[in-house]
Amino acid sequence: MNIIRFVLGRIILFLDWMTSPKPIPISRERIEFIQEKVKDMEIYEFKACPFCVKVRRFMKKNNISIKTKDARRNQDFANELIKGGGKLQVPCLKIGGDEIRWMYESKDIIIFLNSYLELNNGK
Ligand SMILES: N[C@@H](CCC(=O)N[C@@H](CS)C(=O)NCC(=O)O)C(=O)O
């Protein structure tokens, strides 16, 4: 089972690499606006998880740069996620600031970033 998961993961990463989206061209000011808004965020992920790939592709396309933490390879990150968010499931967006929020579900993360960054782009 582990070998099947490994092979599937490599295929997912290869296809993602082959078809990686190009960032939408935007102004320097807009990039700075986005960077400022996401500066307290982190994404917990597994590199080859298809739901994480979906979120990473959305971020790349929309010029969003959020620190990622690989909770498969790093047990400390996995523990942080379980302690903070309540379960080991990725992707999970940690939204820092005065009150920390942990958002699971790739669809919800994309909807949230779309609206929070005023992107009007669901893909
Ligand atoms: N509906 C969730 C599915 C997320 C999901 O199933 N993630 C898997 C990895 S692909 C996971 O975290 N599994 C927990 C584990 O493997 O321990 C989403 O869209 O984010």
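Everything below is about the structure shown above.
Note that the structure is predicted; figures quoted are calculated from it, not measured.

(A) Inspection of the overall build of the protein chain at higher detail. Each helix and strand counted, the protein chain has five helices and four strands in total. Counting from the amino terminus, helix and strand elements in the protein chain follow one another as α-α-β-α-β-α-β-β-α. Its C-alpha atoms give the protein chain a radius of gyration of 15 Å, near enough to 14 Å, the size a compact globule of 123 residues would have. Taking the principal axes of its C-alpha atoms as reference, the protein chain extends roughly 45 × 35 × 20 Å. With 123 residues in all, the protein chain has 37% of them scored as buried. Within the protein chain, residue pairs in contact and separated by at least 24 positions form 62% of the contacts whose partners lie at least 6 positions apart. A total of about 8000 Å² of accessible surface is found on the protein chain, and carbon and sulfur atoms cover 56% of it.

(B) Quick look at helix 3 (residues 50-61). Taking 1.5 Å as the rise per residue, helix 3 with 12 residues should run 16 Å; its terminal C-alpha atoms sit 16 Å apart, in good agreement. Listing the buried residues of helix 3 in full gives Cys52, Val53, Val55, Arg56, Phe58 and Met59. On its buried face, helix 3 sits against helix 1 (2-18), strand 1 (41-45) and helix 5 (106-116).

(C) Inspection of a nonpolar patch on the surface at higher detail. A surface patch of nonpolar side chains, about 1300 Å² in accessible area, is lined by Met1, Ile3, Ile4, Phe6, Val7, Leu8, Ile11, Phe14, Leu15, Trp17 and Met18. Within the secondary structure layout, Leu15 lies in helix 1.

(D) Geometry of the packing of helix 1 against helix 3. Relative to each other, helix 1 and helix 3 sit at 15°, their axes nearing to 11 Å. With respect to helix 3, the axis of helix 1 lies roughly parallel. The handedness of the crossing between helix 1 and helix 3 is right-handed. Residue-level contacts link Ile12, Leu13 and Asp16 of helix 1 to Pro50, Val53, Arg56 and Arg57 of helix 3.

(E) Examining the side chain of Asp16 more closely. Note that Asp16 resides in helix 1. A polar side-chain atom of Asp16 sits 2.8 Å from a polar atom in the side chain of Arg57.

What counts and how
Counting from 1, residues in each chain are numbered in the order their sequence is written. Thresholds applied to this predicted model are a pLDDT of at least 70 for local features of residues and 80 or more for the giving and counting of side-chain atom pairs; totals over whole chains, interfaces and linings are not thresholded and use all residues. Values reported for side chains reflect all heavy atoms of the structure, with hydrogen atoms and water molecules removed beforehand. Working definition: helices are DSSP H or I runs of at least four residues, strands are E runs of at least two. Numbering for both runs from the N terminus. In this description the radius of gyration comes from C-alpha coordinates, and the expected globular size is given by 2.2 Å times residues to the power 0.38. Each residue's exposure class comes from its accessible area (1.4 Å probe, protein chains only) as a fraction of the maximum for that residue type: buried when under 20%, exposed when over 50%, partly exposed otherwise. Should any heavy atoms of two residues lie within 4.5 Å, those residues are counted as being in contact. Computed with a 1.4 Å probe, the accessible areas rest on the Shrake-Rupley method; for each residue, only the protein chains presented here act as cover. In this scheme, a helix's expected span is set at 1.5 Å multiplied by one less than its residue total. Without a salt bridge and with relative accessible area above 30%, a residue can belong to a patch; like charges are then joined within 9 Å and nonpolar side chains (Val, Leu, Ile, Met, Phe, Trp, Tyr) within 5 Å. What makes a salt bridge here is a side-chain nitrogen of Lys or Arg within 4 Å of a carboxyl oxygen of Asp or Glu, nothing more. For helices, the fitted line uses only the C-alpha atoms of the stretch in contact; every axis is such a line through C-alpha atoms, and the angle between N-to-C directions lies from 0 to 180 degrees. When an angle is under 35 degrees it counts as roughly parallel; over 145 it counts as roughly antiparallel; between 65 and 115 it counts as roughly perpendicular; any other value is oblique. Crossing handedness: left-handed means the near helix sits turned counterclockwise from the far one by under a right angle, and right-handed means the same turn made clockwise. Under this definition, polar contacts are N or O atom pairs within 3.5 Å; protein pairs additionally need one hydrogen-donor-capable and one acceptor-capable atom, and for neighbouring residues in sequence, both atoms have to be side-chain atoms.

Treat this as a map of the structure, not an account of what it does.
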